[in-house]
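Listed here are the chains, written in short residue letters.
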There are 2 protein chains.
Amino acid sequence: MIYIALVHYPVLNRRGETIVSAVTNLDIHDIARVSATYGIAGYFIITPVEEQQALVHDLTAHWLKGGSPNSDRKTALSLVHVVSSIEEAGSRIVEVSGASPRMIATSARVQEKCISWRSLRKDINEEKQCSTPLLLLFGTASGLSDQVFEQVDGTLEPIEPGREYNHLSVRSAVAITLDRLLGRSFA
Amino acid sequence: MIYIALVHYPVLNRRGETIVSAVTNLDIHDIARVSATYGIAGYFIITPVEEQQALVHDLTAHWLKGGSPNSDRKTALSLVHVVSSIEEAGSRIVEVSGASPRMIATSARVQEKCISWRSLRKDINEEKQCSTPLLLLFGTASGLSDQVFEQVDGTLEPIEPGREYNHLSVRSAVAITLDRLLGRSFA
């Protein structure tokens, strides 16, 4: 079972200070649709701000309970769970699966405990992921704070580290990451 | 040289009727950033509606001419060109490169003249793309109209055709497509 989390705290601003970022509507929709496409078991929106949590609840409720004929959107948004912290996302996964997830962060820069794309894709394909759930963490704003990289089991290598320009939106980064890990192999 | 185009006409609505879709702010930003990451030569926003063209001009001018310190965003948005039609995008490419582009459409469904991921990636890696520019067309709303598939040189195979859920946003589809064609191979 693979879960993903969009982290709004703790993340960095452009000056490298730890902040709480604001939830955005399109992050919820785009990433929920990518999650549904690649068979993600749950998509956690992480924010400690109660008003922001309520915003996500209202937004998903609009699509899930409303009379909208757009059932594709319902399928995607049914994956969304709002939690206060990375720890709470972990606890929720334990409740559902009975096992603590292996927590893997993502970053545009190489971090310690770096895990290669090939290695994580191989882990996912092999049987051990049947018993250990995986939680992939994505940072909003200018990325996850250092304290997150310290607490996780490892960090996935950057998407295109050799490129001159390296400023993907988190929406694009999630799409590319899930495709690389779970998409059809056509190489 | 590889170019991409985000097509707002002719595209389909949910009922399969050909419409002009509205330009959205985040499509411009997200896809410009993906384009800059993967070394795209130009990103065409295609709409015949003059007000919409003006909107894109205003939005990019804000970032390109403004005093914003966000030069990463400037780099990305400098790739954006607004044109009225797919034909005009082709003409612009001829002006710059001296050659007509090979036009490849994209679709969530298998179309005629289907080109595999492997084949197009191979074409890009081989020398022939040095002389023939490539223009990749992405449809907004519910996808490109049939007339586009008839006029192009081929259509790329869908991203994850075997999946039950197949409703990526165009932003996610562009990110995954450029990564599959131009990203690091790590298989």
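Read on for an overview of the structure. A quick note: this is a predicted structure, and the numbers were derived from the prediction, not measured. (Residues numbered from 1 in each chain as written. Chains lettered and ligands numbered in written order. Predicted model: local features only at pLDDT ≥ 70, side-chain atom pairs only at ≥ 80, totals over all residues.)

Things to note about the interface of chain B and chain A
Piece 1. Between chain B and chain A, the contact holds 27 residues from the first and 27 residues from the second.
Piece 2. For the side of chain B that touches chain A, the elements supplying multiple residues, two or more each, are α1 (25–37), α3 (71–77), α5 (117–125) and α8 (170–182) of chain B.
Piece 3. Counting residues per element, the side of chain B that touches chain A draws most heavily on α1(B), which supplies six residues. (Contact = placed C-beta atoms within 7 Å. Helix = DSSP H or I, 4+ residues; strand = E, 2+ residues; numbered from the N terminus.)

Things to note about the relation of the copies chain B and chain A
Piece 1. Once chain B has been moved 0.0 Å along the axis and rotated by 180 degrees, it coincides with chain A to within an RMSD of 0.0 Å. Expressed as a symmetry operation, the mapping of one chain copy onto the other fits a two-fold axis. Within chain B, Ile176(B) has its C-alpha nearest the rotation axis, a separation of 2.5 Å. (Least-squares fit on C-alpha atoms with pLDDT ≥ 70 in both.)

Some thoughts on the sheet that holds strand β9 (residues 154–156) of chain A
All names here are of chain A.
Piece 1. The seven strands lie next to each other as β5-β4-β1-β8-β6-β9-β7, forming an open sheet whose pairing is parallel. Both outer strands of the open sheet, β5 (80–83) and β7 (114–115), are each paired with one neighbouring strand and no more.
Piece 2. Sitting on the sheet, helix α1 (residues 25–37) touches β1 (2–7), β4 (42–46) and β5, and the angle it makes with β4 is about 155 degrees. (Pairing = 2+ DSSP bridges. Axes fitted to C-alpha atoms, helices over the stretch in contact; angles between N-to-C directions.)

Here's the deal with unusual backbone geometry
Residue and element names in this part refer to chain A.
Piece 1. With an omega dihedral of -5 degrees, the bond running from Tyr9 to Pro10 counts as a cis peptide bond.
Piece 2. Assignment of secondary structure puts Pro10 in the loop between β1 and β2 (11–12).
Piece 3. Positive phi is not limited to glycine here, since Lys113 has a value of about 55 degrees.
Piece 4. Structurally, Lys113 can be placed in the loop between β6 (102–105) and β7.
Piece 5. Looking at Lys113, the number of C-beta atoms within 10 Å reads 12, which means it is exposed. (Buried ≥ 20, exposed ≤ 12 C-beta atoms within 10 Å, placed from the backbone.)

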